[in-house]
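# Structural characterization, general
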Amino acid sequence: MIPADFDPDEGGSPEESLETYARLRRSCPVARGEGYGGFWALTRYADVAAAAGDPVTFISSVRAVVPSDPRGLRRPPLNYDAPAHTPYRRALDRTLQRARIARLEPRLREHAARELAPLLERGGGDIAQEFGAQFPAWVTTEWLNLDPELAPELAVTAARWVRAWRALDREMVGETSERMYGIARDLVRDRRAAPRPVEEDPASSLLAERPGGRPLEEEHIVGALRQCLVVGMVAPPILLGSICVHLSRHRELQSELRARPDLMPAAMEEFLRLYTPYRGFARTVGHEIELHGRRIRPGEPVTLVYASANRDEEVFPDPDAFVLGRPNIAAHLAFGRGRHACAGMPLARLSMRVALEELLRRTSALEVCGPVESARMPEIGAVSVPVRLRPS
């Protein structure tokens, strides 16, 4: 048994976790984490970027996240290696081209305004658990072309699934996951009967794939769509909650972004770097390797700690400060890198920008007004953020 270098759940607040990562970057860049069966953590930017860009050595088909789904299930494309991974990724990428994403923006603004309205009428609420959970369900509904009636159910079901997954509640994970599988099966059944343009519809795009001249297996298409139903529901509440905590502490930045909405795209990239909502996805090595004097063997999970890499002072000077217009901001790893970089990053960027723009446009002041609840492994950030809102 290799002694642990850190406990990922010790302390619990994002600030404490980030202090731990800063210590590990300096003195133990390949660290052994305690809990969840034990795992390795890469904390320096150079090591994380290299591992993310080397899918031959660092494979995804054994373990893609720590902690894993308590039932041990794996779905494409996240849990697949090339070449099996490629057709799923190609099919999803096809539906996320710039022109299609741009066409979604007006509808996303309508959804954001509607979901913000109850909080504005009450003068506040939990920005992460209410707006931050409900608006992303509409984003997913628009991307997948779901029946609009499913959006509220998806928001509730995905939130219950996330809470159960973090608690390793196998029964609740299974119950909520099965409901999302039902949505995915219905979607595949509908698109088989009435296909849509592959550039506009992920289910139709997956059904149209023919690797080696043969269609993808239906259970794997359903699994990929089930993955799509939840991946866009986990990070947005944490990212939005963390940004609102920051804005509450820095009122001058609130004022600047309200007065200069043209700054929002650059501000969002710096928020993504600072408040990367994942501690990191996991890999296993295809063969034994040695890195910084630590020997890593096949089968041992290795987390790529994006949240630590994005605050590496060797890459981002003054890493804990919000610096608008960093010259190398494009180098951040909030969406990962390589074959398994987030497929939905164009939609994620748009939806989070729209959410924040609408929130600031419709308020003249935002402040945290109660205890903030912090995420646990594998996420990092604020999962519950009570705020007071002054409508504009």
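Here is a short report on the structure shown in this document. Counting restarts for each chain, with residues numbered from 1 along the sequence as it is written. At least 70 in pLDDT is required for a residue's local features to be given in this predicted model, at least 80 for side-chain atom pairs to be given and counted, and no such filter applies to totals for whole chains, interfaces and linings, which use all residues. Values reported for side chains reflect all heavy atoms of the structure, with hydrogen atoms and water molecules removed beforehand.

## Overview of helix 6 (residues 150–166)
Counted only if it meets this: Every helix listed is a DSSP run of H or I at least four residues long, and every strand listed is a run of E at least two residues long, numbered separately from the N terminus. One less than the residue count of a helix, multiplied by 1.5 Å, gives the span that helix is expected to have. Burial classes: relative accessible area under 20% of the type maximum marks a residue as buried, over 50% as exposed, and values in between as partly exposed (1.4 Å probe, protein chains only).
For helix 6, which comprises 17 residues, the first-to-last C-alpha distance of 24 Å matches the rise-based estimate of 24 Å (1.5 Å per residue) to within 8%. Of all the residues in helix 6, the buried ones are Leu150, Ala151, Leu154, Ala155, Thr157, Ala158, Trp161, Val162, Ala164 and Trp165. Of the residues trailing helix 6, Leu168 is marked for its positive phi of about 55°.

## Considering the nonpolar core
For clarity, the threshold we go by: By nonpolar core is meant a set of buried Ala, Val, Leu, Ile, Met, Phe, Trp, Tyr and Cys residues that side-chain atoms within 4.5 Å join together.
Counting residues in each nonpolar core, the largest one holds 80 residues, and the members touching the most others are Ile127, Leu206, Leu225, Leu257, Phe271 and Leu356. Per-element accounting of this core gives the leading share, 15 residues, to helix 9 (residues 218–249). Judged by nonpolar contacts, the second largest core, of 18 residues, contains Val30, Leu42, Val285 and Phe316.

## A look at the packing of aromatic side chains
Put simply, the rule reads: Each pair of aromatic rings taken from Phe, Tyr and Trp, with Trp reduced to its six-membered ring, is defined by centres within 6.5 Å and is described as stacked if the planes are under 30 degrees apart, edge-to-face if over 60, and tilted in the remaining cases.
Following the criterion strictly, the structure yields 7 aromatic pairs and no others. Arranged with centres 5.7 Å apart and planes meeting at 85°, the rings of Tyr80 and Tyr88 form a pair that is edge-to-face. Taken individually, Tyr80 and Tyr88 each receive the classification buried, so the pair is uniform in this respect. Here Tyr278 and Phe281 contribute two aromatic rings whose centre-to-centre distance is 4.8 Å and whose plane-to-plane angle is 45°, an arrangement assigned as tilted.

## Quick look at unusual backbone geometry
The step from Ala82 to Pro83 runs through a cis peptide bond, and the omega angle for that step is 5°. A cis geometry characterises the amide bond from Met377 onward to Pro378, with omega recorded as 5°. Residue Tyr36 is not a glycine yet carries a positive backbone phi of 55°. Take Tyr36: it is sitting in the loop between strand 1 (30–33) and strand 2 (39–42).

## As for the sheet that holds strand 2
To keep it simple, the criterion reads: Any two strands with at least two DSSP bridges between them are considered paired.
Spatially, 5 strands are ordered 1-2-8-5-3 in an open sheet, and the strand pairing comes out mixed. Only two strands of the sheet have a single neighbouring strand rather than two, namely strand 1 and strand 3 (58–59). Two elements, strand 3 and strand 5 (residues 282–285), share 2 bridges in a ladder whose sense is antiparallel. Within the sheet, the bridge partner assigned to Ile59 lies in strand 5 and is Thr284.

## Quick notes on helix 10 (residues 251–259)
Convention followed: Here, the arc refers to the directions that run from the helix axis to the C-beta atoms.
All of the buried residues in helix 10 are Leu253, Gln254 and Leu257. Down the axis of helix 10, the buried side of the element spans an arc of 105°, and every buried residue falls inside it. Turned more than 90 degrees away from the buried face of helix 10, the exposed residues are Glu252 and Ala259.

## Overview of a negative patch on the surface
What counts, and what does not: Patch membership requires over 30% relative accessible area and the absence of a salt bridge. Like charges are linked within 9 Å, and nonpolar side chains (Val, Leu, Ile, Met, Phe, Trp, Tyr) within 5 Å. Here the open area of atoms and residues is found with the Shrake-Rupley method and a 1.4 Å probe, where only the protein chains shown may cover a residue. Throughout this description, the term salt bridge denotes a Lys or Arg side-chain nitrogen within 4 Å of a carboxyl oxygen of Asp or Glu. The sign given to each residue is positive for Lys and Arg and negative for Asp and Glu; His and the chain ends receive no count. For the purpose of locating charges, the reference atoms are NZ of Lys, CZ of Arg, CG of Asp and CD of Glu.
Taken together, the side chains of Glu10, Glu16, Glu19 and Glu34 make up a negatively charged region of the molecular surface. Summarising the element assignment, Glu16 is placed in helix 1 (residues 14–27). Look at Glu16 and you get partly exposed, because its relative accessible area is 37%.

## Points about the sheet that holds strand 4 (residues 124–126)
Here is the rule we go by: Only C-alpha atoms enter the line fits that serve as axes; for helices the fit covers just the stretch in contact. Angles between N-to-C directions range over 0 to 180 degrees.
Read across the sheet, 3 strands follow the order 4-12-9 without closing on themselves; strand pairing throughout is antiparallel. Because the sheet does not close on itself, it has two edges, and the strands there are strand 4 and strand 9 (363–368). Across the sheet, the axes of successive neighbouring strands diverge by a mean angle of 25°, strand direction being ignored.

## Let's talk about the pattern of salt bridges
Once their charged atoms are close, side chains differing in charge can pair, the charge on each being opposite to the other. In the structure shown here, the tally under the stated rule is 36 salt bridges. For Arg189, the salt bridge is made with Asp186, and the minimal N-O distance between the two is 2.7 Å. One end of the pair is Arg189 and the other is Asp186, both in helix 7 (residues 170–193) and 3 residues apart, which spans about a single turn. Through salt bridges with shared partners, a single network forms among Glu105, Arg109, Arg353, Glu357, Glu358, Arg361 and Arg362.

## Considering the packing of helix 9 against helix 10
Put simply, the rule is: Angles below 35 degrees are treated as roughly parallel, those above 145 as roughly antiparallel, those between 65 and 115 as roughly perpendicular, and all remaining angles as oblique. What makes two residues a contact is simply this: any of their non-hydrogen atoms within 4.5 Å.
Between helix 9 and helix 10, the least distance of the axes is 5 Å, while the angle of their chain directions is 105°. Judged by the angle between their axes, helix 9 and helix 10 are roughly perpendicular. Here helix 9 contributes His246, Leu247, Ser248 and Arg249 to the contact with helix 10, which in turn contributes Arg251, Leu253, Gln254 and Leu257.

## Focus on the environment of Arg166
Along the chain, Arg166 turns up in helix 6. In sequence terms Arg166 and Pro152 are 14 residues apart; their C-alpha atoms lie 22 Å from each other.

## What to know about the environment of Trp138
Checked against the element boundaries, Trp138 lands in helix 5 (residues 131–144). Separated by 193 residues in sequence, Trp138 and Ala331 have C-alpha atoms that sit 29 Å apart. Sequence-distant contacts of Trp138, defined by excluding residues within four places in its chain, comprise His111, Arg114, Glu115, Pro148, Ala151 and Pro152.

## Some details on the packing of helix 6 against helix 7
Note the cut-off: For any pair of crossing helices, the crossing counts as left-handed if the nearer helix is rotated counterclockwise from the farther one by less than a right angle, and right-handed if it is rotated clockwise.
Contact geometry of helix 6 with helix 7 gives a least axis separation of 8 Å together with a crossing angle of 150°. Classed by the angle they form, the pair helix 6 and helix 7 counts as roughly antiparallel. In this structure, helix 6 meets helix 7 at a crossing whose hand is left-handed. Where helix 6 abuts helix 7, its residues Leu150, Glu153, Leu154, Thr157, Ala158, Arg160, Trp161, Ala164 and Trp165 lie against Met172, Val173, Glu175, Thr176, Ser177, Arg179, Met180 and Ile183.

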